[in-house]
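# Structure at a glance
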Amino acid sequence: MSDAQPLVVDMSSSARVDLEVAMREGLAVVAYDCKSMRLLPACKLSGSYKFAGVSRKEEVVKLNDQGEIAANLPFNGVKIAGGIDRDAALDLALVLVGKQTTPTDGAGRPELTGRCDGATHFVRSASIGAFAIGVGTRGEARVVADVFGYGASANSSSQRQSMNKDGDLAECRGATPDDVKPPAQCRSAIRLELVPIMATAPASPDAPAPTTEPIAIAASCPAGMSMAAGRCTADTSGPYVCAAGDEAQCDAQCQKGSAGSCHNLGVLLQGKKIEVVAGGSTVQLVQERDEKLRKLFTTACEGGVAESCDRLGYVRLSLKTPRTEVQDAWQRACNLGHGPGCRVLAGDFLHGAAPDLARGRGLLDRACKLGDAFSCGSLADSFLKPSSGSAPTPDEVAQGVAVFKDACAARRRYACREVARLYSDGKLVAKDDVVALEYHEKSCATGNTLLALMPD
């Protein structure tokens, strides 16, 4: 099994309510096999989700045949495909304004409770917004407003019919990346990020370590299909996301216009060892490589690949471009929903020449809500250990402890241990050995073998 990112716009109203309830009460668990998905509302996994706004993205995904419809709509795609004429297409108008994410990045079967037969994955994040589904014709380009029924040509074709819609386009267009919650009529789940449930509970890291290693995009599509224009398709006449390790394919698809392939090509290039021939200059070869990376990651970033915007920041840093341009790349990554981009940008505002504590903490908070566990620890530390060296205020202590408790609930043992230490030494919070023992036990449950002895 592998990670997957299925569309869920074909869920029934009752199943959508069940998903919302499951995500309020803990982490949602599903049975998924790349062709179908079944929510298991009676299966429980502890954890919680936080919302973070992202740069609004609007797109129309066109499913051109019954095979594409069945492959991309895991709940009712087969049923819908059977009711579509052979020369018709299904148009999905998607508007994304934010993400609901948990910092929990792994779970094991022993952690599940309730009726969990068939459980394969848990929901790590859900893209939030609005959608409309309509029947159109193949080869016809439509805009989002048209499919929602707001466009001037919405009723221009007798073949066109509305099948389903959830959310208000106008409300979605008023959303910003800084929103702390989605608009009332723009909070439907559009696409899920699914993580496989392992046979045993995963070991929790003693402390989450940030990484700057590039990660390729691996599209999860049924055998014989590739990811292109937001959907799994067997049609390879247009640009599609290349296989992560196929350099020739990535180069070809990047040139054809696939932003994901440009990103994967950049990842391959960055991972290659630089070979210096006799008389050559390592510095020159590195600069030439970085110039190629700059072009690839710029193209992919402009195509909406958040990870490429993050990589672009590091490449610009290597090329010694102005710091404002480096920050701009990381800000774009952050706005697109990439937690590490928010985190590294926060460092500039917390520790730079002109510190901006409020903005730095805001970025760390956003990164934490986007599932970047290291940012959660850094945010808590920024409250409990101010860089000014002065003692934290009571409000800062309360906020720092709350962040650590949330991280502990996500099975981060460093956070459980920090809460235990705070209540054990009683320097920043009132000493409470009962609470300290509770969090020592939680730390132990996550795999911490260095459980400190409680005082008598």
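Scroll up to find the structure.
Overview of the structure. Quantities reported herein were computed from a predicted structural model and do not represent experimental measurements. (Residues numbered from 1 in each chain as written. Predicted model: local features only at pLDDT ≥ 70, side-chain atom pairs only at ≥ 80, totals over all residues. Heavy atoms only, no water.)

## Concerning the pattern of salt bridges
Evaluated as defined, the whole model comprises 23 salt bridges. Here K62 ties to D91 by a salt bridge, and the two come within 2.6 Å at their closest N and O atoms. Of the two residues, K62 sits in strand β4 (residues 50-63) while D91 sits in strand β5 (residues 88-101), which places them 29 residues apart along the sequence. Here K62 matches D91 in class, with each residue buried. A salt bridge links E291 to R294; its shortest N-O distance comes to 3.0 Å. Of this pair, E291 and R294 both sit in helix α8 (residues 282-302), 3 residues apart, which is roughly one turn of that helix. Relative accessible area serves as the criterion here: at 29%, E291 is assigned to the partly exposed category. Overall, R294 belongs to the partly exposed group, its relative accessible area being 30%. Taken together, the salt bridges that share partners define one network made up of K62, D91, R142 and D146. (Salt bridge = Lys/Arg side-chain N within 4 Å of Asp/Glu carboxyl O. Helix = DSSP H or I, 4+ residues; strand = E, 2+ residues; numbered from the N terminus. Buried < 20%, exposed > 50% of the residue type's maximum accessible area, 1.4 Å probe, protein only.)

## A look at the packing of helix α12 (residues 357-369) against helix α13 (residues 373-384)
Closest axis-to-axis distance for the α12/α13 pair is 8 Å, and the angle between their directions is 145°. Crossing angle aside, the handedness with which α12 passes α13 is left-handed. From α12, R361, L364, D365, A367 and C368 reach across to α13, where they touch S375, C376, S378, L379, S382 and F383. Tallied by class, the residues present in the contact of α12 with α13 amount to 6 nonpolar, 3 polar and 2 charged. (Axes fitted to C-alpha atoms, helices over the stretch in contact; angles between N-to-C directions. Left-handed = near helix turned anticlockwise from the far one by under 90°. Contact = heavy atoms within 4.5 Å. Nonpolar A, V, L, I, M, F, W, Y, C, P; charged D, E, K, R; others polar.)

## Comments concerning the state of the cysteines
By definition, a disulfide links the sulfur atoms of two cysteines through a covalent bond. Here the structure, examined in full by the defined rule, presents 9 disulfides. Put simply, C301 and C309 are joined by a disulfide, and their sulfur atoms are 2.0 Å apart. One quick way to see it: the torsion about the S-S bond of C301 and C309 is about 95°, and its sign makes the bridge right-handed. The exposure classification of C301 matches that of C309, with both residues buried. At a sulfur-sulfur separation of 2.1 Å, the disulfide partner of C334 is C342. Given an S-S torsion of about 100°, the disulfide between C334 and C342 has right-handed geometry. A single burial state applies to C334 and to C342, both of which are buried. For C444, which is in no disulfide, the shortest distance to another cysteine sulfur is to C416 and amounts to 11 Å. (Disulfide = S-S within 2.5 Å.)

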